[in-house]
Amino acid sequence: MHPNSAAHTAAFSVDSVQITPAGEVSTTSDTEWEALVSSAVERVNHVERLNAESEQRGRSWSLPVDPGRQASTPAWTGRSAWQSQVRQVLNSPTGRDVCRRFQVSTEFVFAVAVTMASFAERSTGRRVCAARETIAHRSGVSVSVVKRARRALQELSVAREMARGRYLRADESYAAECHHGRIQRRAASVWALTSPKSLVIAVGRAVKKLSKKVGRSEKAARSSYPQLRARGPLSPSRGFKLLSLVRDLSPNRARARAGEQPKSAQTLTRQPRPIDLQRTAAELLVHASVFESAGHIGAVCEVLARAGIDGNRWSGRDIAAELTRDTQQRGWIWPQHLERPLGYLRWRLTQIDWTRPSPSEMAQKAAQEARQRIADRDARLSRRDRAVATPGHRERCKKALASKLLERRKADAHI
C-alpha cells in the first residue's frame, strides 16, 4: 500500500459501515458508495493534475504561477550575464539611489542576487522558490536584509515576484504531500530573474567599450616595444657560435672543470607529497573548474601547503565550497577566465581562516551528535520498557491487594 493511501482515504472518504444501537451492522447503498468513490478519485486526479501542471521540482512544493503572468515576464540571458547586469545597474546612480531608499547596501543586494541566481532555472532564470531564511543563510545576511534587497531588485526590474508566499490550501497541502511525502503547511514566494532589454544593451556597450580600450592598450604596447612584434633580442639567429658559447659557459661544465660532480648526477632525495594533499588538490580542480588551467597538480599542492591547509581535515570539495561562500559574502562572482590561476588561488586562500573546523568535520560532528541522540533515546525507551510491569505481575499485585483489603474488612467486622 502506498504510504499516503491511508491519509488520502481518511481525507476523501467516510466509513461505509455503521453500528446501530441494537448491535446490527448496516451498510450504505451502492449508489452512495459509488458517489463517494468517484468523489475520492476526482480529488486524487485533481491533486495529480495540480502537481503536473505546476511542474514541481526539488524537495518542497512551490506555489503555481499564473500562465499569463509567466508569459509576460522576460527570461534572463544567463546566470553570469545576469550577475554582470545586476552589478552594472547597482553601480549606476539609479541603483545607488534605490538601495539608499530601501536602506540596504549595494554589496548586500548583490550577495542576495548571486544566491537567488544559484536557485534559478539555468535556461529561464525562473522558479526561485527558496525561503527567505535559506537565502539569508547562504548570503551571510539577515532575513530583514533579504526582504529589502529583493524589493530593491524588483524596483530595478531585474527580479519579479511571481507568487507571494502564503499558507497552503487543503488540496495544495495534499499535493505537496504527494510530491515529497511530508506535511507542508506553507510555501515560500516564487521569484523570476529577468534581463531588461535596456540593461542588456547597456552591458553590451560597456563590454564592447572595454574590449576596444584593451585593444588600444595592446597596440600602444607593441608600438613602444618593437621586440614584441619581431624576434626577441636574445633569440639565436646563428646557432653554432651561440651554442658553443652556451656549452662553454654551462654550469655543469664549469663544475666538471673544477673537479666537482655535476648537479644532474647528484642523488636527489625528495620526499613525496602526502597522498591526502594530492587528493585534496585533485578534488579542488574538479569542484572549482576555474583553476583547471593551473598546470601540474604539484603546483596546486604547493599552494595549498603554503596556505597551511591540512589535507586530512579539508577536502577539495570543502575548499571549493569555502571559496564560494567567501565570494558570495564579499559580493563577488567567480571569474570566467584567469591568466594566473595559481596566483589568484594563492591570494584567495590567504583571505580565509583555515584553522576553523571544515564543513566535513562539522558534518561528521553533527552526524555523531545525531547518532548519540538516537542512542540516548533508544536507551531511554528500553529503560521505560523494562520498567513496565508484565500482565502476570499486575495480576499478582491485584490479588495481593484484594486479599489485604479482605483481611482488613474482616478485622473491622470483628471489632
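In what follows, the structure referred to is the one given above.
Residues numbered from 1 in each chain as written. Predicted model: local features only at pLDDT ≥ 70, side-chain atom pairs only at ≥ 80, totals over all residues. Heavy atoms only, no water.

**Quick look at the overall build of the protein chain**
Along the backbone of the protein chain there are 18 helices and six strands. Taking all 415 residues of the protein chain together, 27% fall into the buried category. Counting every atom, the protein chain has about 28200 Å² of accessible surface; 53% of that belongs to carbon and sulfur. (Helix = DSSP H or I, 4+ residues; strand = E, 2+ residues; numbered from the N terminus. Buried < 20%, exposed > 50% of the residue type's maximum accessible area, 1.4 Å probe, protein only. Areas by Shrake-Rupley, 256 points an atom, 1.4 Å probe, with all protein chains shown as cover.)

**Quick look at the packing of helix H4 (residues 79–91) against helix H6 (residues 106–119)**
The interhelical angle for the contact between H4 and H6, taken along N-to-C directions, is 165 degrees, at an axis separation of 10 Å. By the criterion of interaxial angle, the relationship of H4 to H6 is roughly antiparallel. In the crossing of H4 with H6, the sense of the turn from one axis to the other is right-handed. Residues Arg79, Trp82, Gln83, Val86, Arg87 and Leu90 of H4 touch H6, and the partners they reach there are Thr106, Val109, Phe110, Ala113, Val114, Ala117 and Ser118. A per-class count over the contact of H4 with H6 returns eight nonpolar, three polar and two charged. (Axes fitted to C-alpha atoms, helices over the stretch in contact; angles between N-to-C directions. Parallel < 35°, antiparallel > 145°, perpendicular 65-115°, else oblique. Left-handed = near helix turned anticlockwise from the far one by under 90°. Contact = heavy atoms within 4.5 Å. Nonpolar A, V, L, I, M, F, W, Y, C, P; charged D, E, K, R; others polar.)

**Quick notes on unusual backbone geometry**
In this model, glutamine 103 sits at a positive phi of 60 degrees, which is unusual for a non-glycine residue. When you line up the elements, glutamine 103 lands in the loop between helix H5 (93–101) and H6. With a relative accessible area of 63%, glutamine 103 lands in the exposed category.

**Side note on the nonpolar core**
Residues Trp82, Val86, Val109, Met116, Leu153 and Leu193 are the most contacted members of the largest nonpolar core, which totals 33 residues. Contributions of two or more residues to this core are made by H4, H5, H6, helix H7 (132–139), helix H8 (143–155), strand E6 (190–193) and helix H10 (197–224). With seven residues, H6 is the single largest residue contributor to this core. In this structure valine 86 touches Phe110, Ala113, Leu153 and Val158, once residues within four positions along its chain are discounted. (Core = buried A, V, L, I, M, F, W, Y, C linked by side-chain atoms within 4.5 Å.)

**Some points on the packing of aromatic side chains**
On inspection of all chains with the given rule, the structure shows six aromatic pairs. For the ring pair tryptophan 76 and tryptophan 82, a centre distance of 6.0 Å and an interplane angle of 55 degrees mean the geometry is tilted. Neither residue differs from the other here; tryptophan 76 and tryptophan 82 are each classed as buried. Aromatic ring contacts, followed pair by pair, group Phe291, Trp332, Trp334, Tyr344 and Trp347 into a single cluster. (Phe/Tyr/Trp six-rings, centres within 6.5 Å; stacked < 30°, edge-to-face > 60°.)

**Some thoughts on the environment of arginine 101**
You can see arginine 101 is positioned in helix H5. Classification of arginine 101 as exposed rests on a relative accessible area of 51%. Separated by 47 residues in the primary sequence, arginine 101 and arginine 148 have C-alpha atoms spaced 9.7 Å apart.

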